[in-house]
Amino acid sequence: MKVKEVANLAGISVRTLHYYDEIGLLTPSEINESGYRIYSERNLEQLQQILFFRQLGMPLKEIKVIIGSPTFNQLEALEMHREILIEKRENINSLIQTIDKTIQYKKGEIEMSMEEKFSGFNFDENKYEDEARERWGDTAVVEANAKKDRWTKGEKQMMEKELEDTFKRLAKIRHLAPDSEEAQEAIEQWWKYLNKIGSYSLDAFKGLGEMYVADNRFTNNIDQFGEGLATFMCEAMRIFAEQHKS
């Protein structure tokens, strides 16, 4: 199959396949006389494994090491993926139950404890770590992970609360102009938070905002705090980056 056909089949971009080839993660079985990449059935099986690992949030460098290992067993990997997805399904079911209970609570039908209100939430994993590595290199992500590893349990809880509070603050003012003073003060708080856990240049900050609207997974996750929040943050982050670069 040609690269365009593989991209359509797998639901990824041609650029992504080219990138996988460049870093030696997925090399097509041949290049034909016209210069087109040709992918074999074995290539497609390997791509499936890569996408399974990516879906679990694993960095591309780690995926390359794993699937390139002489001890890699595809069947064992599939069984592992299945187990993890089942765990994720159970977590999602728990969150749905929390949402249902919260709806009943808001209607005055039941009482909810504080523990019940936060049942199912899990912020231990970073689903988009590999994409951050691809876009900006390892520095910001490695520094962020190193900082988080040094956090105490109390510090981690404090940072998680600050993260939630920041999103809630931004959600409340998302109807304002992104260049307004209040909006820029709030987005500066977000900038400072990110640089507590990593090292983000203004370009990286702007690029992150662009990803909030370019990737539906980011958009849906952020818009849980308020419809249109991702778009608001993208524009506010762009303005903040441009103003502080000048």
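Just so we're clear, the structure is a prediction, and the values are computed from it rather than from any experiment.

**A short note on the packing of aromatic side chains**
Link 1 in the chain: Within the structure shown, the criterion is met by seven aromatic pairs.
Link 2 in the chain: Aromatic pair F167 and F225: ring centres 5.0 Å apart, planes at 20°, arrangement stacked. A residue pair is termed long-range when its members are at least 10 positions apart, and F167 in helix α9 (residues 153-172) and F225 in the loop between α12 (216-222) and α13 (229-245) qualify at 58 residues.
Link 3 in the chain: F225 gets classed as partly exposed once you look at its relative accessible area, which sits at 35%.
Link 4 in the chain: Ring geometry for W191 against F205: centres 5.2 Å apart, planes inclined by 75°, an arrangement best described as edge-to-face. With a gap of 14 residues between them, W191 in helix α10 (residues 181-197) and F205 in helix α11 (residues 202-214) connect regions that are remote in the sequence.
Link 5 in the chain: Of the aromatic side chains, those joined through ring pairs into one cluster are F167, W190, Y193 and F225.
Link 6 in the chain: The ring of Y36 carries the charged tip of K2 above its face, separated from the ring centre by 4.8 Å.

**What about the confidence of the model for the chain?**
Link 1 in the chain: Taken residue by residue, the chain gives an average pLDDT of 82. The fraction at 70 or more is 86%.
Link 2 in the chain: Residue range residues 127-138 is modelled with pLDDT below 50. Its contacts to residues more than four positions away, or to other chains, number 34 contacts.

**Observations concerning the nonpolar core**
Link 1 in the chain: Core analysis: the largest hydrophobic core is formed by 30 residues, its most contacted members being I187, W190, Y212 and M233.
Link 2 in the chain: Apart from the residues lying within four places of it in its own chain, the contact partners of W190 are L163, T166, F167, L170, F205, Y212, M233 and M237.
Link 3 in the chain: Within the second largest apolar cluster, 17 residues are counted, among which are L26, L47, M58 and I67.

Rules of the game
Residues numbered from 1 in each chain as written. Predicted model: local features only at pLDDT ≥ 70, side-chain atom pairs only at ≥ 80, totals over all residues. Heavy atoms only, no water. Phe/Tyr/Trp six-rings, centres within 6.5 Å; stacked < 30°, edge-to-face > 60°. Helix = DSSP H or I, 4+ residues; strand = E, 2+ residues; numbered from the N terminus. Buried < 20%, exposed > 50% of the residue type's maximum accessible area, 1.4 Å probe, protein only. Lys NZ or Arg CZ within 6 Å of the ring centre and 35° of its normal. pLDDT = per-residue confidence, 0-100. Contact = heavy atoms within 4.5 Å. Core = buried A, V, L, I, M, F, W, Y, C linked by side-chain atoms within 4.5 Å.

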